[in-house]
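Architecture at a glance
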Amino acid sequence: MFRITRGEESKLTGWYFEIDRKLLGMILLMVVVGAITMVTAGSAEAARMGYPWFYFIKKAFLPYTIGLLCLFGFSMFNKQQIIKISIVGVIVGVAALFFTFVHPIRINGSLRWVNIGGLRFMPADILKPFFIMITAWFLSYMHKIYGADIFLNKNAWKARWQTWWPYLVVFLISAGLMFKHPDVGTAALYFGVLFVMLFVAGFPWKFMPAMLGAVAALAVAAITFMPHIRSRAAHIFDIVPRTQAWYSINSIKHGGLFGSGDEAFVKDVLPESTNDFVYASIAEDWGAIGACALVVLLFLVLSNLIKHASTARDDFVVYAVAGTAALFGGQVCFNLMTALHLVIDKGMTLPFISYGGVSFITFCILFGMVLALIREDTWHN
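Basis of the calculations
- Residues numbered from 1 in each chain as written.
- Predicted model: local features only at pLDDT ≥ 70, side-chain atom pairs only at ≥ 80, totals over all residues.
- Heavy atoms only, no water.
- Salt bridge = Lys/Arg side-chain N within 4 Å of Asp/Glu carboxyl O.
- Helix = DSSP H or I, 4+ residues; strand = E, 2+ residues; numbered from the N terminus.
- Buried < 20%, exposed > 50% of the residue type's maximum accessible area, 1.4 Å probe, protein only.
- Patch = residues over 30% accessible without salt bridge, like charges linked within 9 Å, V, L, I, M, F, W, Y side chains within 5 Å.
- Areas by Shrake-Rupley, 256 points an atom, 1.4 Å probe, with all protein chains shown as cover.
- Phe/Tyr/Trp six-rings, centres within 6.5 Å; stacked < 30°, edge-to-face > 60°.
- Lys NZ or Arg CZ within 6 Å of the ring centre and 35° of its normal.

The next subject is the pattern of salt bridges. Counted according to the given criterion, the structure contains three salt bridges. With its nearest N and O atoms 3.6 Å apart, the salt bridge here joins Glu 18 to Arg 375. Residue Glu 18 is located in helix α1 (residues 11-18), and its partner Arg 375 is located in helix α13 (residues 357-379); the two are separated by 357 residues in the primary sequence. One exposure class covers both Glu 18 and Arg 375, and it is buried. The partner of Asp 125 in a salt bridge is Lys 128, and the shortest N-O contact between them spans 3.0 Å. Of this pair, Asp 125 and Lys 128 both sit in helix α5 (residues 123-146), separated by three residues, roughly a single helical turn. Like Lys 128, Asp 125 is buried.

As structure tokens, this is what we get:
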């Protein structure tokens, strides 16, 4: 019987024995859950749209293949390769954000889409993994130059390249473009991830009230000056019949404790049953027990990331894994709360489970990078 042993010196055997197989296994389990849901809920949604039942399966084959190749491929890179790739990724992502204003594509009232060579994607999605890696590199680099105090050190705020200003200018311009689209949910997610990474890097807690005040001010401004946000916020405490939230809640209720199985029919009329409201589809098919089991799986992934962030030896790895935990946890919470009608729906996917080609690929890239960094920090530092 063929068996890989540690004594065989090759890149593949080194990768196999050094990779966090527990985290990789949980990632692949999430992918399997997403694939099953794409068959069950996807066939119903395809029929409602007038397509064959295998429409979403066929459409997802290429991006899912690319995504899994990226997951395993990026997990074999080293730290320096990841930083170089991330620099290119940020440049391409920011350029694509600007392109949305040069050649905008409007979908559901938003101009956040780009169509290149028949491939339609949101630049804000493409940016996510590279933004986290470049932010982690920048914070670790600032610590090397200015020591432990990179926030209150006056030299770190002087008008020159190796200071906060170049990073903040690029970030604020990018976030401003997202707000302009409008894509308030994604911009807020970026700010949230940045705040977590800053606090992990030693941002003073005494500034927390000011930061929360700024967040509250932005929320008030969004509700005041953006009609679609104001309209959705007005109905956050009630469920209007025949709306997405109404169908989502009823789909979850219909699942009961053990799931409806072949009798699941509410998801047949639930919009975005494979994407924004995929959790409602799962709850109807698998019941409360299956839905809670999925939450446990998502929590285990998050706790695994937090454990690695707290034990890593390299500051860069600490910040990168902490940022990944913040992004993953933020999207999970937002998606589940959307299905339960606890927040305004802003079209945020459930990582690895929601249908969405580019979103799936970007999370595969991000977690591939994280697996590589954890492996290098554990075995090669």
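So, on to unusual backbone geometry. Working note: non-glycine residues mostly have negative phi, and peptide bonds are mostly trans. The backbone of Phe 352 shows a phi angle near 70°, a positive value even though the residue is not glycine. You can see Phe 352 is positioned in the loop between α12 (315-339) and α13.

In this section: a nonpolar patch on the surface. Together, Val 39, Trp 53, Phe 54 and Ile 57 give the surface a local cluster of nonpolar side chains, amounting to about 360 Å² of exposed area. Along the chain, Phe 54 turns up in the loop between α2 (21-49) and α3 (55-74). For Phe 54, a relative accessible area of 37% corresponds to the partly exposed category.

Inspection of every chain in the model, using the stated rule, returns 27 aromatic pairs. On the numbers, 6.0 Å between centres and 55° between planes, the contact of Trp 15 with Phe 72 is tilted. Separated by 57 residues along the polypeptide, Trp 15 in helix α1 and Phe 72 in helix α3 bring together distant segments of the chain. The exposure class assigned to Phe 72 is partly exposed, which follows from its relative accessible area of 28%. A ring pair is formed by Trp 157 and Trp 165, whose centres lie 5.5 Å apart and whose planes are at 75°; its orientation type is edge-to-face. Since its relative accessible area comes to 32%, Trp 157 is described here as partly exposed. Assessed through its relative accessible area of 41%, Trp 165 is described here as partly exposed. We note Arg 21 situated over the ring of Tyr 16; from NZ or CZ to the ring centre the distance is 4.9 Å.

Before going further, it helps to examine the environment of Lys 180. Topologically, Lys 180 is positioned in helix α6 (residues 164-180). Spatially, the C-alpha atoms of Lys 180 and Phe 101 are 9.5 Å apart, while their sequence positions differ by 79 residues.

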